[in-house]
Amino acid sequence: MLYREALNKAIDKTMEMDETVVVLGEDVGLYGGSYRVTEGLVAKYGERRLIDTPIAELSIVGNAVGMAIGGLRPVAEIMTANFGLLAFDQIINHMAKYRYMSAGKITLPMVVRFPQGVSRQLAAQHSESYEQMLSAVPGLTVLAASDVNYAYHALQFAIMSDDPIIFIEHELLYNKKGDIDFETAIDPLKARVVKEGQDMTIVSYLKMLDDVMEAVPEIEKQLGKSCEVIDLCSLNPIDYETLETSLKKTGAIVVVEEDHKTGGFGSQIVSWAAEEMFYSLDAPPLRLAGEDVPIPYNRTLELASIPTPEKIAEKIMAWGNKNGL
Amino acid sequence: MNKLLAEEIYYDMVLGRTFELAAKEHYMGGDIAGFLHLDIGQEGFSVAAMKAFDKGDVFTTYREHVMAIARGMDPKDVMAELFGKAAGISRGRGGSMHLFDPSHFFYGGDAIVGGQIPNAVGCAYARKYQGREDGVMVVFGDGATNGGAFFESINNASTQKLPLLFLCENNGYAIGTKITRVAPFEKQAKKAEPYMITREVDGMDALAVYESVREAQSLIQDGHGPVFLEAMTCRYEGHSVADANTYRSKEEMQICKGKDSIDRMEQLLLSQYGITPDAIKTIQKRAQNCVDEAVAFAASAVEPELAELYEDIFAERKNHAVS
Ligand SMILES: Cc1ncc(C[n+]2csc(CCOP(=O)(O)OP(=O)(O)O)c2C)c(N)n1
Ligand SMILES: [Mg+2]
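Participant: Account for the sheet that holds strand β2 (residues 106–110) of chain B, with residues named and values stated.
Facilitator: Residue and element names in this part refer to chain B. Reading across from one edge, β2-β1-β3-β4-β8-β7 is the order of the six strands in this open sheet, with parallel pairing throughout. The sheet is open, and its two edges are formed by β2 and β7 (197–202), each paired on a single side. In this sheet, adjacent strand axes meet at a mean angle of 15 degrees when their direction is disregarded. Here strand β4 (residues 164–170) runs beside strand β8 (residues 227–232); their pairing, made up of six bridges, is parallel. By the bridge assignment, Leu167 is partnered in β8 with Leu229. Where helix α5 (residues 116–129) meets the sheet, it contacts β1 (57–61), β2, β3 (136–141) and β4, and its direction lies at approximately 170 degrees from that of β3.

In structure tokens form, the structure reads like this:
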């Protein structure tokens, strides 16, 4: 099963179960979604429930807020995160705040799906990541799906949740393969230990998780140490408990993210580690992130602007050697 | 229109199509990546609009190779940009969607739908402020007229009587979504009617586009404020090369291609301008040679240096101390 098929299945299942679930966005209906996530759903549920919207992101999210107030469970698709910037007023001023401002009288059961990240040479206006901004907004739950199983379970959870949820997907993951474990329930707000290890904790999410996993064998071989790899899954709330357990064991932390380094999401994890875990640390935390530049078109420059498996391995090994890990 | 100009427009249209076909081929071959939005079918519109609005500033979208070349950019520099090379017009950092050339008053190459429209309003304000008469032209698709940026812009430009030509390329689709499914009418000029003079033109007729843009330009220069011109066009390919174009029927495509602007221009040159079939062939050859040269140039050009990753993010930073 592909990641995009898992997302499709999750939407399909909730739509079947609950007829208040509707999907809205650009090309989500007849076209099947620009990343084919909603393919086939319009044939099953009709245009009343798969709403092709104009190119008007502010309205996509704004309307979803109103639909939620009116008793529906909208799943809004933003075609690419950069376009979602047009909806940030609705996301931050409305979607995130109505519950609090109304003393809990308003409930917004809604999801905004955010495909993001550096894909392949889409250049500066189609390649960014916004988890740093979105996770900084009180009132929003921010999930980041890095694999098929999580995508399936977490999107269902998000749609059926009574809170407004930002559901981040990475554009390079849509064709990623994996299996769904239909038997085992997951808690989408908990981080996931992807690989157990003893000597360092590597924290990541979305596409970078795959790059980390690719780098790990080389790191372990060269340093003669074992790495524990954690997929954060939920970026707000952050599951510090899982991180703490791991850090107490390993004593060293690396955070890997694709986004620009300054102000990036990983700084939150490192700042937590410095504040709360200082005495468990055997080495200064290491943060690997993208360069502070707009994403260029040229492939070589594009790859130079973000972490890659080779760079991740190289930098973690250098850091490990320097700090006696 | 005089013969020379008619020939020039025809040449640029043929050049545009030849360029786009070569770009498509090299996308398939892996030399070009990312999103590649071809203008095939709309060359008459793109070329005539640029030729007519020969002075003044232009803002446009990601579907802009043909416009950029008609505006005066060297096809070599454009192709090199598509190849991501250092010799590209944006040094390989922008790619197909981000061609910029202020020396030709061409400001992109913007890939946020509707995003360039408020920028054009601001530029028109600057031109009015400076007492410069040429005005500004902003090109956008039918899909862009559904966004807030467009509605805010027609209101602002009209209130301030700015010298701005809103040029809508209405090809009836935004990616796979037919305009009538997301707007209450087929022609978007209706939206601008309460605010400004509106006009419509057959976008598949290059001469008509040329005349209409000329007329519109003289209107915005006369202090009438903005004008909205809508050109009905047809794109022959998918939205981008990645789009399989399955949402349009064979019949629809046939009708659409039956209006081909290059064929029409060719007939006109033969029948009204006394240009011989041989001369037409020569023009076509010249265009092909030009594109072949552009491809050869792009293929052999060097990659940008790694250090360029950090260049052009800021204007030169001087000492910021102030007293
Ligand atoms: C704000 C924003 N939303 C969505 C997109 C994705 N997108 C790119 S082009 C396009 C369709 C635009 O259609 P139209 O304005 O009619 O121009 P055309 O491509 O037909 O020339 C869409 C939805 C985008 N680039 N920017
Ligand atoms: Mg269109």
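So that's the structure; there's more coming.
Participant: Quick one: what's the story with the interface of chain B and chain A, residue by residue and with numbers?
Facilitator: On the chain A side, the residues contacting the 36 residues of chain B number 30 residues. Of the roughly 2,700 Å² buried at the junction of chain B and chain A (both faces included), carbon and sulfur atoms supply 64%. Between B:Arg181 and A:Glu47 there is a salt bridge whose closest N-O contact spans 3.2 Å. For the pair chain B and chain A, the number of links is 15 residue pairs in polar contact (both at pLDDT 80 or more). Listed by contribution, the elements that provide at least two residues to the side of chain B that touches chain A are α4 (75–82) and α7 (179–182) of chain B.

Participant: Can you break down the packing of helix α11 (residues 261–272) of chain B against helix α12 (residues 277–300) of chain B residue by residue, with the values?
Facilitator: The angle between the axes and the distance between the axes are what describe a pair of packed helices. Residue and element names in this part refer to chain B. Their axes nearest at 10 Å, the elements α11 and α12 cross at an angle of 140 degrees. Between α11 and α12, the crossing angle belongs to the class labelled oblique. In this structure, α11 crosses over α12, and the sense of that crossing is right-handed. Here Glu266, Leu269 and Leu270 of α11 come into contact with α12, specifically with Pro277, Ile280 and Gln284. Residues of the contact of α11 with α12, tallied by class, amount to four nonpolar, one polar and one charged.

Participant: Describe the state of the cysteines, naming the residues involved and giving the relevant values.
Facilitator: Residues and elements named next belong to chain B. With the rule as written, the count across this model stands at one disulfide over all chains. Across a sulfur-sulfur distance of 1.4 Å, Cys234 and Cys256 are joined as a disulfide pair. An S-S torsion of about -75 degrees defines the bridge between Cys234 and Cys256 as left-handed. Taken as a pair, Cys234 in the loop between β8 and α10 (250–257) and Cys256 in helix α10 lie far apart in primary sequence, 22 residues in all. A relative accessible area of 8% means that Cys234 is categorised as buried.

Participant: Residue-level account of the nonpolar core, with values.
Facilitator: If you look at the biggest cluster of nonpolar residues, it comprises 72 residues, and the most contacted ones within it are B:Met79, B:Met137, B:Leu165 and B:Val213. Examining the composition of this core, we find that eleven residues originate from one element, helix α1 (residues 3–28) of chain B, more than from any other. Excluding anything up to four places from it in sequence, B:Val213 contacts B:Ala49, B:Ala52, B:Phe53, B:Met137, B:Leu165 and B:Leu229. Core analysis: the next-biggest nonpolar cluster, separate from the first, contains 47 residues, A:Ile60, A:Phe88, A:Ile91 and A:Leu235 among them.

Participant: Before we move on, can you summarise the packing of aromatic side chains with the specific residues and values?
Facilitator: For the structure shown, the criterion picks out 18 aromatic pairs over all chains. Each ring, one from A:Phe278 and one from A:Tyr279, has its centre 5.3 Å from the other, and the planes form 90 degrees; the classification is edge-to-face. By the burial criterion, A:Phe278 is exposed, and A:Tyr279 matches it. Here a set of aromatic residues connected by ring pairs shows up, and it is made of B:Phe140, B:Phe150, B:Phe151, B:Phe166 and B:Phe228. Positioned above the aromatic ring of B:Phe297 is the side chain of B:Lys76, whose terminal nitrogen or guanidinium carbon lies 5.9 Å from the ring centre. In this structure, B:Arg286 is placed above the aromatic ring of B:Tyr11, and the distance from its NZ or CZ to the ring centre is 4.0 Å.

Participant: Talk me through the sheet that holds strand β10 (residues 234–236) of chain A; I want residue IDs and the actual numbers.
Facilitator: Residue and element names in this part refer to chain A. Taken together, seven strands build an open sheet; the order of strands is β2-β1-β3-β4-β6-β5-β10 and the sheet is mixed. The open sheet terminates on both sides in strands that have one partner only, identified here as β2 (50–52) and β10. Neighbour-to-neighbour, the strand axes of the sheet open up by a mean angle of 20 degrees, direction not taken into account. Along the sheet, helix α8 (residues 148–160) makes contact with β1 (21–25), β3 (73–77), β4 (111–116), β5 (141–144), β6 (165–170) and β10, crossing β6 at roughly 160 degrees.

Participant: Lay out the coordination of the magnesium ion (ligand 2) with the relevant residues and their values.
Facilitator: All names here are of chain B. At this site the magnesium ion (ligand 2) is bound by Asp142 (OD), Asn171 (OD1) and Tyr173 (O), with donor distances of 2.1 to 2.2 Å. In primary-sequence terms, the residues that donate to the magnesium ion (ligand 2) follow D-x28-N-x1-Y. A residue pair is termed long-range when its members are at least 10 positions apart, and Asp142 in the loop between β3 and α6 (148–159) and Tyr173 in strand β5 (residues 173–174) qualify at 31 residues. Note on accessibility: Asp142 and Tyr173 belong to one class, buried.

Participant: I'd love a proper account of empty space enclosed by the protein, names of residues and values included.
Facilitator: Residue and element names in this part refer to chain A. Within the structure shown, the criterion is met by three cavities of 30 Å³ or more. If you add up the space inside the largest cavity, you get close to 60 Å³. Lining the largest cavity are Gln116, Ser129, Glu131, His170, Tyr205, Leu206, Lys207, Met208, Val256, Glu257, Glu258 and Asp259. Take the lining of the largest cavity: its biggest share by element is four residues, from strand β11 (residues 253–260).

Participant: Please set out the site of ligand 1 residue by residue, giving values where relevant.
Facilitator: In the vicinity of ligand 1, 22 residues are found, and the nearest of them are A:Glu57, B:Tyr62, B:Arg63, B:Ala111 and B:Gly143. One finds residues of chains A and B in close proximity to ligand 1.

Cut-offs applied
Residues numbered from 1 in each chain as written. Chains lettered and ligands numbered in written order. Predicted model: local features only at pLDDT ≥ 70, side-chain atom pairs only at ≥ 80, totals over all residues. Heavy atoms only, no water. Pairing = 2+ DSSP bridges. Helix = DSSP H or I, 4+ residues; strand = E, 2+ residues; numbered from the N terminus. Axes fitted to C-alpha atoms, helices over the stretch in contact; angles between N-to-C directions. Contact = heavy atoms within 4.5 Å. Buried area = accessible area lost by both parts, 1.4 Å probe. Salt bridge = Lys/Arg side-chain N within 4 Å of Asp/Glu carboxyl O. Polar contact = N/O pair within 3.5 Å; in protein donor to acceptor, adjacent residues only side chain to side chain. Parallel < 35°, antiparallel > 145°, perpendicular 65-115°, else oblique. Left-handed = near helix turned anticlockwise from the far one by under 90°. Nonpolar A, V, L, I, M, F, W, Y, C, P; charged D, E, K, R; others polar. Disulfide = S-S within 2.5 Å. Buried < 20%, exposed > 50% of the residue type's maximum accessible area, 1.4 Å probe, protein only. Core = buried A, V, L, I, M, F, W, Y, C linked by side-chain atoms within 4.5 Å. Phe/Tyr/Trp six-rings, centres within 6.5 Å; stacked < 30°, edge-to-face > 60°. Lys NZ or Arg CZ within 6 Å of the ring centre and 35° of its normal. Donors = N, O, S within 2.8 Å, 3.2 Å for Na, K, Ca; no water. 1 Å grid on protein atoms, 1.4 Å probe; cavity = no way out; pocket = protein on both sides within 12 Å on 5 of 7 lines; lining within 4 Å. Points joined across faces, edges and corners; volume = space filled by probe spheres on them. Near = heavy atom within 4 Å.

Fair warning: the whole summary comes from geometry, so function is off the table for now.
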